[in-house]
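Observations on chain architecture
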Amino acid sequence: MSWIIILWSMNAAACLTLAGIYLLVWCRQRTDWAYFVLSCSAVAGAALTAFELALLEAQSAEDYAVILRWAQLPVWAVVVSVVIFVRLYLRAGRLWLAWSVCGMRTLALILNFVFTPNLSYRQITRLKQVPWWGGQSVSVPVGVTNPWILVAQLSLVLLIIFFVDATVTAWRRGDRQRALVVGGALIFFSAIAIGQVVLVVWGIIQVPFLACFSYLGLIAAMGYELSIDMLHRAKLARELAASEADLQETRERMELAANAADLGMWMWDVARDDIWITDKGRMLFGWGASEKLDLDRFKNVLHPEDRERVLEAIENTLRTGAEYAAEYRVMLPEGQPRWVAGWGQVEFDRDGHPVRMRGAALDITKRKQAEEQFRLVVEAAPSAMIMVNTDGCITLVNTQAEAVFGYDRQELIGRCIETLVPERFRCHHAEYRNGYLGNARARPMGAERELFGLRKDGTEVPIEIGLNPIQTAEGLLVLASITDISERKQAELEAARQRSELAHLSRVTTLGELSGSLAHELNLPLGAILSNAQAAQRMLANGETDLAELREILNEIVSEDKHAGEVIRRLRLWLQKGEVQQHSVHINKVVRDVLKLIRTDLISQNVIVNIQLARNLPVITGDAVQLQQVLVNLVVNASDAMADCDIAERRLLICTKAKDCGAAVIVSVTDMGGGVPEEKKEQIFEPFFTTKDKGMGLGLSVCRRIIDAHHGKLWAINNADRGATFHFTLPVNLSQKDGLIARSQIVDE
Amino acid sequence: MTAPPGPTVFVVDDYAPGRRSISRLLRAAGFVVAAFASAQDFLVQYDPAACGCLLLDLAMPDVSGLELQTILADKGSFLPIIFLTAHGDVSTSVRAMKHGAVDFLTKPVNDEDLLTAVRVAIEKDRALRREQAELFEIRERLATLTPREREVLEYVVAGKLNKQIASDLGTVEQTVKVHRAHVMQKMKVHSLAELVRLTQRCGMSGR
């Protein structure tokens, strides 16, 4: 077998193989007609190869002419199929050019069968054997060329033009790869084939027709491009699968997130009134898994009080396209209604009709409960509560706040907090408020200052304010807890009054106990006055006129009268009732006054009093009478405690000293009695506790109250040897303390 | 201190104006007054022979009025005491009176009340002193009697007849009569009744 037969057969086999492959591909993708056309073309190519081989092997001129005539059929098929392929595959090439090519070719085919022996030759005179490689020889026709062959050749020229046109169009369109490979190959191989055929037909070169190889190249080029396409498609398909998997995963992830966040995703097809909602959403609204849902079903689960509001919001969204947002209660078959927050957006068609709404729903029952609890807590708080935002606007008040300030809730919400501040404090209030926001922490407001609120009726009310910053989604809020302290102020006044009353009562009681002593104090000067006066009367009656003596008598009367007046003044002071007087008090003077008051008592009890009074003691502020009262109580108690002692041992020591570098004075009363039982050292300061046979047990409790009211301390200790010492301290107020320090410095210098 | 010829009012009071005014009043009323600021001062200068009365303040430091009263009683003094106080309670006054106080006055005291009390006290002192003097004289007269005469006196005041006495003493009636006359003469009495009164005053009882 010659290599020629082998080569041509291989070419035909290759064409057929490609035809089979493309047919197979077309079978899988019926819509892709390019593969079918290509398959047909390949079959035609195989046929062409067979005819060309036959021509090479032709033995006579007649045979050659007949074979050449029939070879026009596969040529027609190849041309037409390639044109269709280009149109299908490149989607380019002018249509009229395509029709022209096909029409011209068909005309050539018709003419081929009209003329004898064929379209190429009028007459083939003989066959010339041309030697080829390998000692082979092939037949080449020698004859007269048919001028009508020009029709066929014109169709081929048009074909090339069509290819060029299609290639340029595809190139320009941006399909460069495809234009280059397919268009370029088409132009290149068809030009070679056509050129060779023309040269052979016109007898310019003496070679056989070799178009079939060019055609194989053409088919291969197109096949390459198609297989690139197929690879591309496969890749796309893989990518698509991957992206679909991604999509699925994203969807699942989103659903997971939505579920975790208790979000129910929903979509409402407005036109068909059909609601789709995730399982979570169905649970949220209490709907069954397969229940068919529409707007009416949604309406039915809404709480009657919320229904109208929610529907209005939906209508508004459908009408204006605004975002839908609503919080409402959902009535569940059993249990409490559930609070749900819904959001959604609407999509419109081109005509502006709403097509669908998509959104999400969230269970906010806990938040609502928390809000409700917060509201209830605020409402139930015993004090007035007012919440203010950073602008100073009131955002929340409770009933107590309404009561304290006399406003209605609606009047206060949204108003500036300064409305409730008396005018004289108002200008600084905003400053304080901003200062607080800069360093917001829970603390009482206006420490050391008296605060007042302004009521609606214009009156002021004394208040106490605690401030608590609250961080919320809407920014920093300040919750002010306001206590009306008018009653407390009143109670404080009342307590002070009662304390004063009790102190007075105690003084009267003490006076009762001391009455002998006091009568004595008063009777002494009165007696001296009376006796002096009567002595004078007698002297005058006797006719004595010792003027010096009379003068002395009168002087003594005057001085004794003053003495009596002094005693009465002290008594009156002692018994005086009413407000605690705040005066500057020299504690040493208090000690001396007290000793005058109870001197006789001490004498009658044989008590010897020693005093050690520090000099230059600071002046304290207080009520001298009440301080005297304390000291009288302590001294009387001390003498009573020594009633059972030997007369020689009845000694009492009263000391005054400065304390804490002059910040306070301390007064001590030391006795030599039995002391205070350790377990009763505090008990003795309780009301109605007494160790005496007489007495109400008020003395020390009143003393402690008095000292407490002076911001001092009163306590008892037992002495190391015997007896007890009662101490009390009294603070010196600051300005005077400074004065004292200054003075003592001068003394030091 | 030598005993003054007349009665003296002793004033003891720690309260100077009171002491001075009372002294003035008493002087204006014609009394002799001696004033002391404390019980101790008074005791230092006290003379039991001094007549008069003691005007004593109740409440005084160191030694009180009641204590001074006890001290004087212990010393056998019978100087009448008038307590004077600016304030006295019942128990104190009862105690004072039980211990022989003449009076218990409270300041301010009216001059008449005071002077009356002082006069009463002085009178009491005078009476006491007179009685003391009489007793002294009776005892002196008794001392002049012989033991026999004293025996006879005891029988006489017991109301026995001369005959009985003579029989008891183992003598004759005439002798008893002589002793009896001597007793009457020495005792400076003129009647039996008088003799009995004298002997009773000095605490003597008959046999």
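Report on the accompanying structure. (Residues numbered from 1 in each chain as written. Chains lettered and ligands numbered in written order. Predicted model: local features only at pLDDT ≥ 70, side-chain atom pairs only at ≥ 80, totals over all residues. Heavy atoms only, no water.)

1. Quick look at the overall build of chain A
The helix and strand inventory of chain A stands at 20 helices and 20 strands. Here chain A holds 749 residues, and the buried ones make up 44% of them. A separation of at least 24 residues holds for 61% of the contacts in chain A among residues at least 6 apart in sequence. Approximately 39500 Å² of chain A is accessible, and the part contributed by carbon and sulfur atoms is 58%. (Helix = DSSP H or I, 4+ residues; strand = E, 2+ residues; numbered from the N terminus. Buried < 20%, exposed > 50% of the residue type's maximum accessible area, 1.4 Å probe, protein only. Contact = heavy atoms within 4.5 Å. Areas by Shrake-Rupley, 256 points an atom, 1.4 Å probe, with all protein chains shown as cover.)

2. Describing the pattern of salt bridges
Evaluation of the coordinates by the stated rule reveals 42 salt bridges over all chains. Across the pair glutamate 305 of chain A and arginine 329 of chain A runs a salt bridge whose closest N-O atoms are separated by 3.2 Å. With glutamate 305 of chain A in helix H10 (residues 304-320) and arginine 329 of chain A in strand E5 (residues 324-330), this residue pair connects regions lying 24 residues apart in the sequence. The residue glutamate 123 of chain B makes a salt bridge to arginine 126 of chain B at a minimum N-O spacing of 3.1 Å. On the criterion of helical spacing, the pair formed by glutamate 123 of chain B and arginine 126 of chain B is a turn pair, its members being three residues apart in helix H5 (residues 111-144). Accessibility expressed as a relative area gives 38% for glutamate 123 of chain B, which makes it partly exposed. When its relative accessible area of 40% is taken as the criterion, arginine 126 of chain B is described as partly exposed. Members of the salt-bridge network, linked through shared partners, are Glu549, Glu552 and Glu556 of chain A together with Arg20 and Arg24 of chain B. (Salt bridge = Lys/Arg side-chain N within 4 Å of Asp/Glu carboxyl O.)

3. Observations concerning the nonpolar core
Residues and elements named next belong to chain A. The biggest cluster of nonpolar side chains holds 50 residues, and the ones touching the most others in it are Leu627, Leu631, Leu634, Phe726, Phe728 and Leu730. Discounting chain neighbours no more than four positions away, the residues touching phenylalanine 728 are Val630, Leu631, Leu634, Val665, Ile666, Val667, Ile707, Lys713, Leu714 and Trp715. Counting residues in each nonpolar core, the second largest holds 43 residues, with Ala34, Ala42, Val78 and Tyr215 among its members. (Core = buried A, V, L, I, M, F, W, Y, C linked by side-chain atoms within 4.5 Å.)

4. Description of the pairing of strand E3 (residues 52-57) of chain B
In regular strands, side chains alternate between the two faces of the sheet. Residues and elements named next belong to chain B. Burial runs high along E3: six of the six residues are buried. Pairing of strand E1 (residues 8-12) with E3, which is carried by five bridges, proceeds in the parallel orientation. From the neighbouring strand, phenylalanine 10 faces E3, where its bridge partner is leucine 54. Summarising the sheet, E3 and strand E4 (residues 81-85) pair through four bridges and their orientation is parallel. Residue pairing in the sheet places leucine 55 in a bridge with isoleucine 82 of E4. For the segment spanning E3, helix H3 (residues 65-74) and E4, crossover handedness is right-handed. (Pairing = 2+ DSSP bridges. Right-handed = clockwise from strand over helix to strand, strands pointing away.)

5. Re the interface of chain B and chain A
Many structure descriptions define interface size as the accessible area lost when the parts assemble. Listed as interface residues are 23 residues of chain B and, on the opposing side, 25 residues of chain A. Across the interface of chain B and chain A, roughly 2100 Å² is buried in total on both sides, 55% from carbon and sulfur atoms. By the criterion of area lost to chain A, the three top residues of chain B are Tyr15, Arg24 and Ala28 of chain B, representing 30% of everything that side buries. At the junction of chain B and chain A, the tally comes to six salt bridges. Linking chain B to chain A there are 14 residue pairs in polar contact (both at pLDDT 80 or more). Counting residues per element, the ones that place at least two in the side of chain B that touches chain A are helix H1 (16-28) and H5 of chain B. (Buried area = accessible area lost by both parts, 1.4 Å probe. Polar contact = N/O pair within 3.5 Å; in protein donor to acceptor, adjacent residues only side chain to side chain.)

6. Overview of the sheet that holds E5 of chain A
Residue and element names in this part refer to chain A. If you walk across this open sheet you meet the five strands as E4-E3-E7-E6-E5, and the pairing is antiparallel. Single-partner strands in this sheet number two, and they are strand E4 (274-277) and E5. Here the strands of the sheet are splayed against their neighbours by 25° on average, with no regard to which way each runs. Here strand E6 (residues 338-348) pairs with strand E7 (residues 354-363) via nine bridges, running antiparallel. (Axes fitted to C-alpha atoms, helices over the stretch in contact; angles between N-to-C directions.)

7. Things to note about the packing of aromatic side chains
Aromatic rings considered in pairs are described by the distance between their centres and by the relative angle of their planes. Residue and element names in this part refer to chain A. According to the stated counting rule, one finds 21 aromatic pairs over all chains in the structure shown. The interplanar angle of 85° and the centroid separation of 5.9 Å between the aromatic rings of phenylalanine 298 and tyrosine 328 together place this pair among those described as edge-to-face. On the criterion of sequence distance, the pair formed by phenylalanine 298 in helix H9 (residues 295-301) and tyrosine 328 in strand E5 is long-range, its members being 30 residues apart. For tyrosine 328, a relative accessible area of 2% gives the class buried. One aromatic cluster is present, formed by Phe285, Trp287, Phe298 and Tyr328 through successive ring pairs. Against the face of tryptophan 339 rests lysine 368, its NZ or CZ located 4.4 Å from the ring centre. (Phe/Tyr/Trp six-rings, centres within 6.5 Å; stacked < 30°, edge-to-face > 60°. Lys NZ or Arg CZ within 6 Å of the ring centre and 35° of its normal.)

8. Observations regarding the pairing of E1 of chain B
All names here are of chain B. For E1, the buried fraction is high: five of the five residues fall into the buried class. Burial of the side chains of E1 extends over both faces: Thr8, Phe10 and Val12 are buried on one face and Val9 and Val11 on the other. Here five bridges tie E1 to strand E2 (residues 32-36), and the two strands are oriented parallel to one another. When the bridges of E2 are listed, valine 12 appears paired with phenylalanine 36. Read as a crossover between parallel neighbours, the route from E1 over H1 to E2 is right-handed.

9. Description of helix H6 (residues 147-157) of chain B
All names here are of chain B. For H6, the set of buried residues is Glu149, Val152, Leu153, Glu154, Tyr155, Val156 and Val157. The inward-facing, buried residues of H6 abut H5, helix H7 (162-169), helix H8 (173-186) and helix H9 (192-201). One or two residues past the end of H6 sits glycine 159, with phi positive at roughly 90°.

10. Quick look at the packing of H3 of chain B against helix H4 (residues 90-98) of chain B
Residue and element names in this part refer to chain B. Direction vectors running N to C along H3 and H4 enclose 15°, while the axes themselves pass 11 Å from each other. Here H3 lies roughly parallel to H4, going by the angle between them. Between H3 and H4 the crossing geometry is left-handed. Contacts between H3 and H4 involve Leu66, Gln69 and Thr70 on the former and, on the latter, Thr92, Arg95 and Ala96. Here the contact of H3 with H4 is composed, by residue class, of two nonpolar, three polar and one charged. (Parallel < 35°, antiparallel > 145°, perpendicular 65-115°, else oblique. Left-handed = near helix turned anticlockwise from the far one by under 90°. Nonpolar A, V, L, I, M, F, W, Y, C, P; charged D, E, K, R; others polar.)

11. Considering a nonpolar patch on the surface
Residues and elements named next belong to chain A. Together, Val66, Trp70, Leu73 and Phe113 make up an exposed nonpolar region whose accessible area comes to about 350 Å². Per-element accounting of the nonpolar patch gives the leading share, three residues, to helix H3 (residues 61-89). Among the structural elements, leucine 73 can be located in helix H3. (Patch = residues over 30% accessible without salt bridge, like charges linked within 9 Å, V, L, I, M, F, W, Y side chains within 5 Å.)

12. With respect to the sheet that holds E4 of chain B
All names here are of chain B. Overall, parallel pairing links the five strands, which are arranged E2-E1-E3-E4-E5 in an open sheet. Each edge of the open sheet is held by one strand with a lone partner, namely E2 and strand E5 (103-106). Strand-to-strand twist in this sheet, taken as the mean axis angle between neighbours without regard to direction, amounts to 20°.

13. A look at the side chain of asparagine 719 of chain A
Residue and element names in this part refer to chain A. Mapped onto the secondary structure, asparagine 719 falls in the loop between strand E19 (713-718) and strand E20 (724-731). Within the structure, the side chain of asparagine 719 is placed 2.4 Å from the side chain of threonine 725, a separation counted as a polar contact. Sequence-distant contacts of asparagine 719, that is, excluding residues within four places in its chain, are made with Thr670, Asp671, Ala724 and Thr725.

14. A short note on the environment of leucine 550 of chain A
Residue and element names in this part refer to chain A. Within the secondary structure layout, leucine 550 lies in helix H16 (residues 547-575). Classification of leucine 550 as buried rests on a relative accessible area of 15%. The spacing of leucine 550 and alanine 533 is 17 residues in sequence and 9.5 Å in space, taken between C-alpha atoms. Residues within four places of leucine 550 in sequence aside, it is in contact with Ala536, Met539 and Leu540.

15. Looking at unusual backbone geometry
Look at the link from lysine 107 of chain B to proline 108 of chain B: it is a cis peptide, with omega at -10°. Turning to its location among the elements, proline 108 of chain B is positioned in the loop between E5 and H5. Although it is not a glycine, aspartate 273 of chain A sits at a positive phi angle of roughly 50°. Phi at cysteine 661 of chain A is positive, roughly 55°, even though this residue is not glycine. Structurally, cysteine 661 of chain A can be placed in the loop between strand E17 (651-659) and strand E18 (664-670).

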